[in-house]
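Remarks on the overall topology
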Amino acid sequence: MKHLGFDDIMTIATTRTIRAACPHDCPDTCALLVTVTDGVATEVRGDPDHPTTAGVLCTKVARYTERTYHKDRLLHPLKRIGNKGEGKFVQISWDEAIATIAGRLGEIAARNPQAILPYSYAGTMGLVQGESMAMRFFNRIGASLLDRTICASAGGTGYKYTIGARVGTDLEQFQNAKLILIWGGNPIASNLHFWMRAQEAKRRGAKLIAIDPYRSLSADKCHQHIALLPGTDSALALGMMHVLIAEDLLDHDYIAQYTLGFEQLKQQVSSWTPQKTAEVCGIGADEVLELARSYGAAAQRGEAAAIRVNYGLQRVRGGGMAVRNITCLPALVGAWRHAAGGVQLSTSDSFPKNNQFLQRPDFLLKQGMAPRTINMSTIGDDLLREASPEFGPKIEALIVYNSNPVAVAPESGAVARGFAREDLFTVVLEHFQTDTADYADIVLPATTQLEHVDAHSAYGHLYMLANNAAITPLGEAKPNTEIFRLLAARMGFDDACFRETDDEIAAQAFDRKNERAIHFDWDALKQKGWQKLNVPDAPFAHGGFPTPSGKCEFYSAQMLKDGLDPLPTYIAPYESPASNPQLARKYPLAMISPPARNFLNSSFVNVKSLRDTEGEPHLDMHPTDAAARALASGDAVRIYNDRGSFNARLRVTDKARIGLVVGLSIWWKKMASDGKNANEVTSQRLTDMGRAPTFYDVLVEVEKAPA
Ligand SMILES: Nc1nc2c(c(=O)[nH]1)N[C@H]1C(S)=C(S)[C@@H](COP(=O)(O)OP(=O)(O)OC[C@H]3O[C@@H](n4cnc5c(=O)[nH]c(N)nc54)[C@H](O)[C@@H]3O)O[C@H]1N2
Ligand SMILES: Nc1nc2c(c(=O)[nH]1)N[C@H]1C(S)=C(S)[C@@H](COP(=O)(O)OP(=O)(O)OC[C@H]3O[C@@H](n4cnc5c(=O)[nH]c(N)nc54)[C@H](O)[C@@H]3O)O[C@H]1N2
Ligand code: SF4
Ligand SMILES: [Mo]
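Residues numbered from 1 in each chain as written. Chains lettered and ligands numbered in written order. Predicted model: local features only at pLDDT ≥ 70, side-chain atom pairs only at ≥ 80, totals over all residues. Heavy atoms only, no water.

Mapped onto the elements, Gly39 comes out in the loop between strand E2 (31-37) and strand E3 (40-46). Gly39 gets classed as partly exposed once you look at its relative accessible area, which sits at 43%. Taking the C-alpha atoms as reference points, Gly39 and Ile471, 432 residues apart in sequence, are found 5.9 Å from one another. If sequence neighbours within four positions are ignored, Gly39 has contacts with Tyr69 and Ile471. (Helix = DSSP H or I, 4+ residues; strand = E, 2+ residues; numbered from the N terminus. Buried < 20%, exposed > 50% of the residue type's maximum accessible area, 1.4 Å probe, protein only. Contact = heavy atoms within 4.5 Å.)

This part covers the environment of Asp454. Relative to the helices and strands, Asp454 resides in strand E18 (residues 454-456). The buried category is assigned to Asp454, whose relative accessible area is 0%. A C-alpha to C-alpha distance of 6.9 Å links Asp454 and Asn468, two positions 14 residues apart in sequence. Those residues within four positions of Asp454 in sequence are excluded, and the remaining contacts are Thr124, Gly126, Leu127, Val128, Gln129, Leu465, Ala466, Asn467 and Trp522. At 3.2 Å, the side chain of Asp454 forms a polar contact with the backbone nitrogen of Leu127. (Polar contact = N/O pair within 3.5 Å; in protein donor to acceptor, adjacent residues only side chain to side chain.)

With respect to the element layout, Arg308 can be found in strand E12 (residues 305-309). In terms of polar contacts, Arg308 uses its side chain to reach the side chain of Gln344, at 3.2 Å. Once you skip the residues sitting within four places of it in the chain, Arg308 turns out to touch Pro27, Leu181, Ile182, Trp183, Asn191, Phe194, Gln344 and Leu345.

Attention shifts here to the side chain of Thr65. Mapped onto the fold, Thr65 is located in helix H2 (residues 64-68). Among all residues touching Thr65, those that are not within four sequence positions of it are Ala41, Thr42, Glu43 and Val44.

Let's shift gears to the sheet that holds E12. Strand pairing in a sheet takes place through backbone hydrogen bonds and is either antiparallel or parallel in direction. Ordered in space as E10-E9-E8-E12-E13, the five strands form an open sheet in which the pairing is parallel. Pairing within the sheet leaves two strands with one partner each, and these edge strands are strand E10 (224-226) and strand E13 (342-344). Going from strand to strand, the sheet's axes swing by 20° on average, the running direction of each strand aside. As judged from the five bridges shared by strand E8 (residues 179-183) and E12, these two strands associate in the parallel manner. Pairing of Trp183 across the sheet is with Val309, part of E12. Of the strands in this sheet, E8 and strand E9 (207-211) are in contact with helix H8 (residues 233-246), which crosses E8 at around 150°. Helix-sheet contacts for helix H12 (residues 285-300) involve E8, E9, E10 and E12, and the interaxial angle to E8 is about 135°. (Pairing = 2+ DSSP bridges. Axes fitted to C-alpha atoms, helices over the stretch in contact; angles between N-to-C directions.)

Next up on the list: the sheet that holds E3. Pairing within the open sheet is antiparallel, and its three strands lie in the order E1-E2-E3. Each edge of the open sheet carries a strand with a single partner, namely strand E1 (15-21) and E3. Strand-to-strand, the axes of this sheet are offset by a mean angle of 25°, without reference to chain direction. In the sheet, E2 pairs with E3 via six bridges, with the strands oriented antiparallel. Across the sheet, Val34 pairs through a bridge with Val44, a residue of E3.

Taken as a whole, the second largest pocket encloses approximately 1,200 Å³ of empty space. Taken together, 33 residues line the second largest pocket, and the ones lying closest to its centre are Tyr121, Arg148, Arg166, Ser348 and Lys353. Of all the secondary structure elements, the ones that give two or more residues to the lining of the second largest pocket are strand E7 (145-147), helix H5 (153-163) and helix H14 (355-359). Here the lining of the second largest pocket takes four residues from H5, the largest share from any one element. Looking at the lining of the second largest pocket residue by residue, the classes come out as 14 nonpolar, eleven polar and eight charged. Counting residues domain by domain, the lining of the second largest pocket receives three or more from each of domain 1 (78-151 + 351-532) and domain 2 (154-345). (1 Å grid on protein atoms, 1.4 Å probe; cavity = no way out; pocket = protein on both sides within 12 Å on 5 of 7 lines; lining within 4 Å. Points joined across faces, edges and corners; volume = space filled by probe spheres on them. Nonpolar A, V, L, I, M, F, W, Y, C, P; charged D, E, K, R; others polar. Domains from an automatic or database assignment.)

All right, on to the site of ligand 2 then. In the vicinity of ligand 2, 30 residues are found, and the nearest of them are Ser403, Glu430, Ser602, Ser603 and Tyr696. Val408 has a polar backbone atom sitting 2.9 Å from a nitrogen atom of ligand 2. Taken by itself ligand 2 offers 920 Å² of open surface, and the protein chains cover 97% of this. Looking at the shell around ligand 2, its residues break down into eleven nonpolar, 15 polar and four charged. Structurally, the shell around ligand 2 is a two-domain feature, drawing no fewer than three residues from each of domain 1 (78-151 + 351-532) and domain 3 (581-704). (Near = heavy atom within 4 Å. Areas by Shrake-Rupley, 256 points an atom, 1.4 Å probe, with all protein chains shown as cover.)

Along its sequence, the chain is carved into domain 1 (78-151 + 351-532), domain 2 (154-345) and domain 3 (581-704). On the domain 3 side, the residues contacting the 25 residues of domain 1 number 20 residues. Summing both sides of the interface, domain 1 and domain 3 together bury roughly 1,800 Å²; the carbon and sulfur share of this comes to 48%. Taken as a group, Pro410, Glu411 and Asp435 account for 28% of the area that domain 1 buries against domain 3, more than any other trio of residues on that side. Taken together, domain 1 and domain 3 are joined by two salt bridges. Asp438 is the partner of Lys670 in a salt bridge, and the nearest nitrogen-oxygen pair spans 2.9 Å. If you tally residues by element for the side of domain 1 that touches domain 3, the top one is helix H18 (residues 412-419), at four residues. For the side of domain 1 that touches domain 3, a count of residues per class yields ten nonpolar, ten polar and five charged. (Buried area = accessible area lost by both parts, 1.4 Å probe. Salt bridge = Lys/Arg side-chain N within 4 Å of Asp/Glu carboxyl O.)

What follows deals with unusual backbone geometry. Following Ser665, the chain continues into Ile666 via a peptide bond in cis, with omega recorded as 5°. For Ile666, the location among the structural elements is in the loop between strand E26 (660-662) and strand E27 (699-704). Notably, Thr29 is not glycine yet its phi reads approximately 30°, a positive angle. With respect to the element layout, Thr29 can be found in the loop between E1 and E2. Notably, Phe604 is not glycine yet its phi reads approximately 80°, a positive angle. Secondary-structure assignment places Phe604 in the loop between strand E22 (589-592) and helix H24 (608-614). Phe604 gets classed as buried once you look at its relative accessible area, which sits at 0%.

Now for the UniProt feature "domain: 4Fe-4S Mo/W bis-MGD-type" (unreviewed entry) in the chain. The positions UniProt marks with the feature "domain: 4Fe-4S Mo/W bis-MGD-type" (unreviewed entry) are residues 15-72. End-to-end, the C-alpha atoms of residues 15-72 are 26 Å apart, and along that stretch the chain is 9% helix and 36% strand. (UniProt positions renumbered as here; feature names shortened; annotations may be inferred.)

It is the contact of H8 with helix H13 (residues 319-333), at a shortest axis distance of 8 Å, that shows an interaxial angle of 20°. In terms of orientation, H8 lies roughly parallel with respect to H13. Note that H8 runs across H13; the crossing there is left-handed. Of the residues in H13, those in contact with Asp233, Ser234, Ala237, Leu238, Met240, Met241 and Leu244 of H8 are Met321, Ala322, Asn325, Ile326, Cys328, Leu329, Leu332 and Val333. Its residues assigned to classes, the contact of H8 with H13 shows twelve nonpolar, two polar and one charged. (Parallel < 35°, antiparallel > 145°, perpendicular 65-115°, else oblique. Left-handed = near helix turned anticlockwise from the far one by under 90°.)

Below, the structure written as structure tokens:
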């Protein structure tokens with residue numbers, strides 16, 4: 001037998017498995033196992049022991065090493081030498097980058113700190129690499145605040161008025177439901193681990209009903225698909241309530257004990273007959289009737305009737321009201337009595353996050369500062385605004401991290417014009433040279449999830465997770481936290497909180513004084529990877545809604561105070577043939593641009609294998625609409641309205657209902673043949689509540705693209 005010599009030992013690879021968490025803006029927040037061989041991450045797997053991940057990852061994150069080690073990763077700080085948007089940069093040192101930024105921000109802050117604006121969203125959902133050190137820094141400066149509305153605030157607000165907080169059915173219960181309404185969501189693409197539970201429920205005999213204007217991947221696999229017009233969900237819920245009340249499919253005891261305003265609700269929905277509802281929603285009256293009966297009858301039989309309401313339906317003018325109306329349904333039929341009944345929109349508020357510690361809003365108070373708030377969903381217009389008494393100072397500096405606004409924010413034309421302003425100082429912290437990074441004065445290379453530490457909550461399940469760093473940072477990349485630490489030091493902020501390490505921050509991410517996180521221990525979490533919150537199985541089986549009245553509020557006094565109808569009502573879209581016939585004569589087609597399965601918003605578009613699977617930007621159109629325009633599958637088409645236009649390859653398919661076109665998104669503009677994407681035609685108008693964007697409230701016309 002040969003004995004191993006020194007050289008042999010040196011060549012034996014050392015392989016370790018690191019526990020991590022998926023950082024992406026996805027409800028599933030998977031627990032990951034990262035295989036690291038000789039300091040190189042070679043594989044990312046789903047943790048088989050984590051109950052909701054169950055060893056399964058989506059196609060995107062299964063390729064996370066491809067993204068991490070991508071040849072285009074930003075590895076050094078860069079300074080712009082070309083025009084804004086052109087993408088010409090040269091490498092500079094970290095010292096020069098930090099000195100330049102600190103110098104410029106210091107000079108602006110001395111005049112008016114509110115001329116500085118952070119712009120960030122959920123590129124990483126980590127509590128540490130998200131808004132901890134960054135917000136401490138901006139609060140210390142007294143910069144303008146950012147209203148983070150781009151995704152979920154319409155539905156979140158509607159839900160809170162009714163239920164009190166974003167708390168709902170536990171993901172781990174859905175397999176026990178007998179009826180599941182998949183409402184405005186495409187879980188095969190965007191909520192895979194819920195879909196797995198729904199499939200298990202189906203195997204156990206449950207009925208799945210999709211409510212979606214488009215026959216999405218998921219709708220296609222449900223027992224029934226109700227293809228309503230976009231933006232009409234609040235009407236469908238009103239029609240369902242009408243039928244439930246008219247046919248007495250109610251839980252009178254639950255209503256009496258745990259709800260507020262039933263008599264007013266009854267009055268309010270009396271006019272919403274199946275016929276009227278069907279007209280507004282563009283479906284059959286029988287569909288309304290059957291849907292309500294299926295839902296009510298399941299509850300009457302004592303079966304768990306569950307609703308997974310997602311965000312697709314709230315990206316329209318009445319998006320907040322739509323979610324509010326839908327969340328009234330479970331209380332009417334007593335579905336909350338079952339752990340597997342009720343509704344889930346988001347589980348965010350189940351997590352007692354220690355935001356006071358993480359973000360230090362007290363810096364503002366201590367300095368007597370009350371900065372204005374800028375809405376991220378109107379960044380286009382706001383960047384183009386001059387100083388005024390109502391608006392305050394012109395925005396002079398923009399620091400972008402965890403977001404790609406030039407691709408994702410509505411009405412791209414205006415956004416790009418704003419970013420192109422010569423007198424705007426823009427810093428972008430990124431992994432890649434995105435559409436937004438092309439407009440930066442300084443680009444800073446950020447670490448990915450494999451290279452830094454973080455603590456995670458979730459919005460689709462109830463586990464706290466730890467992300468250990470698996471590898472050392474590539475090139476000169478630094479974690480967001482470290483970048484803001486360096487900036488704070490250079491600007492002379494000597495508060496102790498700017499010296500805390502990522503581990504020290506993570507260790508206090510959740511509030512241990514709150515009983516739901518009483519068992520939170522960072523060291524233990526790092527070892528195990530995940531830990532469930534301490535919460536009951538059925539959140540509202542015995543009422544206890546966190547609303548002002550403690551009840552599920554069919555009538556909301558708070559809504560009245562906020563200038564809204566206190567009762568469920570219908571709010572028509574801004575742009576639809578019914579609500580705006582004049583506009584529809586010019587632009588007759590409704591357009592939606594929901595997520596493509598192989599992208600995560602605009603992340604992963606630059607990962608070739610995933611982009612190849614999506615192919616190129618497509619537009620799905622019903623055969624009738626295509627025939628009317630003499631268009632055929634494979635045609636290059638131009639989609640346009642008064643705000644702008646973009647090109648796509650046409651797919652003629654009855655997946656899109658008549659009158660609807662669908663462009664799965666969000667493409668990097670520079671990876672499309674015409675340098676544009678769907679947000680060229682979306683508008684900056686906001687929803688009824690939550691000041692959110694109306695991405696799916698858009699009318700367009702489509703023609704053959706000029707050769
Ligand atoms: N693969 C993948 N997964 C993702 C994302 C991604 O980009 N890619 N994005 C993540 C993020 S940030 C989010 S917020 C979620 C979003 O995911 P979801 O909450 O599922 O929402 P959307 O994908 O916007 O829309 C889902 C479905 O709603 C439908 N829809 C559009 N308008 C209406 C309407 O008016 N009424 C009804 N009933 N349905 C409508 C669309 O056709 C689509 O099939 O997914 C997350 N997961
Ligand atoms: N037309 C249309 N537009 C939409 C939507 C739609 O359905 N249709 N969906 C909307 C929704 S729901 C959302 S949530 C928004 C999403 O919009 P964004 O939040 O902007 O999401 P992404 O496009 O994924 O961009 C995130 C960026 O953050 C970067 N990033 C990730 N991790 C880190 C990190 O640790 N540090 C730094 N510095 N950067 C990091 C990524 O590289 C990526 O470029 O888009 C919205 N826009
Ligand atoms: S994107 Fe969603 S499904 Fe995919 S790994 Fe991350 S959390 Fe899981
Ligand atoms: Mo989102």
